[in-house]
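Summary of structural features
Each chain, written out:
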Amino acid sequence: GCRVNDELTYRGLRVLVMENQLIRVGVLLDKGADIYEFIYKPRDVDFMWRSPLGVRPLPSGVDTCASTGGAFMDYYEGGWQEILPNGGTACVYRGCEQGLHGEVWGIPWRHQVLEDHPECVSVKLWCRTPRSPYLLVRTMTLRSNTPVLELDEELTNESAEDLDLMWGHHPAFGPPFLDGTCVLECAARRVVVDADPGAAARLVPGAEFSWPVGPTRDGGTWDISKVTPPEQRVTEMTFLTDLDEGWYALTNRGLGVGFGMSFDTSVFRHLWCWQELGGD
């Protein structure tokens, strides 16, 4: 049935493992509560991408120089991060400097096992951001014989000030699951291309079009729902919006297995689709 183990360590970091008959989920408690593995056990497929850096303790050694963009990439093991209160490049908001993808990915989280039964396991995790006044609480639940990880979250601004923020989830998918047979599906109606996509991008910078086919720089078209093999060396950053419903799915047709996510569109109103396929 279901089981949970919160007494593990990996490379000096506390690790939480939740699993049932079908899926196994590994969480780095000491690094952002990152989901660094998400395995479909019947096929032994891990959906998450693994960076060549691997998992590094925070901090690990002395940085040669401070990065103006923040330390996210220096400690990026792949997997699935939570992004808060800044998404994307570094910025300054109301005098507070925020690095790439905010704060919660780089701090330890606390946790409490709520349920531990063969029918269900559930764990509450939480953190407070050091530079901004947020409390983020995440409850993760697995039920017996169901290949579904449930996330129930609550975000609280503990200050007396009204604040803007960016909040999202950052799962990265990679080989051997991700290959040229994969297809991306979603409920978006409109695609907006990044205005400064870089030399490896195919689509016209700043273009807007109906999902999923858009204009390319060479005068042709490209269907971004079909994953490009890495040997074609493409990098593309697009934003998927006007969502009919809150979901997306990535399916490997060769393996006959896929990963889907559903979410509340009153909170998460857009999808960012970053296809880093050997271009950069």
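This text goes with the structure placed above it.
I will try to describe carefully the structure that is included in this document. All figures in this text were calculated on a predicted structure; none of them were measured in a lab.

The rules we used
Residues numbered from 1 in each chain as written. Predicted model: local features only at pLDDT ≥ 70, side-chain atom pairs only at ≥ 80, totals over all residues. Heavy atoms only, no water. Helix = DSSP H or I, 4+ residues; strand = E, 2+ residues; numbered from the N terminus. Rg over C-alpha atoms; globule rule 2.2 N^0.38 Å. Contact = heavy atoms within 4.5 Å. Areas by Shrake-Rupley, 256 points an atom, 1.4 Å probe, with all protein chains shown as cover. Core = buried A, V, L, I, M, F, W, Y, C linked by side-chain atoms within 4.5 Å. Buried < 20%, exposed > 50% of the residue type's maximum accessible area, 1.4 Å probe, protein only. Pairing = 2+ DSSP bridges. Axes fitted to C-alpha atoms, helices over the stretch in contact; angles between N-to-C directions.

1. Some points on the overall build of the protein
Looking only at helices and strands, the protein has zero helices and 20 strands in total. Relative to the 2.2 N^0.38 estimate, which gives 19 Å for 280 residues, the radius of gyration of the protein is 19 Å and therefore close to what a compact globule would have. Structurally, the protein occupies a C-alpha span of about 55 × 50 × 40 Å along its principal axes. A separation of at least 24 residues holds for 54% of the contacts in the protein among residues at least 6 apart in sequence. Working note: accessible area of the protein is about 14100 Å², and carbon and sulfur atoms make up 50% of it.

2. Comments concerning the nonpolar core
The biggest cluster of nonpolar side chains holds 58 residues, and the ones touching the most others in it are V27, F38, F47, L125, L240 and Y248. Residue contributions to this core peak at six residues, all from strand β14 (residues 182-193). If we ignore the near neighbours within four places in the chain, the residues touching Y248 are P171, F173, L184, E185, C186, F259, G260, M261, F263 and L271. Listed in part, the six residues of the second largest apolar core include L13, V15, V17 and L28.

3. Section: the sheet that holds strand β11 (residues 134-143)
Across a sheet, paired strands are connected by hydrogen bonds in the backbone, their directions being either parallel or antiparallel. Spatial strand order, β9-β10-β11-β12: four strands in an open sheet with antiparallel pairing. Edge strands, defined here as strands with exactly one partner in the open sheet, are β9 (110-117) and β12 (150-157). Within this sheet the neighbouring strands show an average axis-to-axis angle of 10°, counted without direction. Strand direction decides the pairing type here: β11 and β12, joined by eight bridges, are antiparallel. Of the residues in β12, the one forming a bridge with R138 is E153.

4. Brief notes about unusual backbone geometry
L84 connects to P85 through a cis peptide bond whose omega is -5°. Mapped onto the fold, P85 is located in the loop between β6 (80-83) and β7 (91-93). With omega at 5°, the peptide bond leading from W211 into P212 counts as cis. Here P212 lies in the loop between β15 (208-210) and β16 (213-215). Its identity is not glycine, yet D44 carries a phi of approximately 55°, on the positive side.

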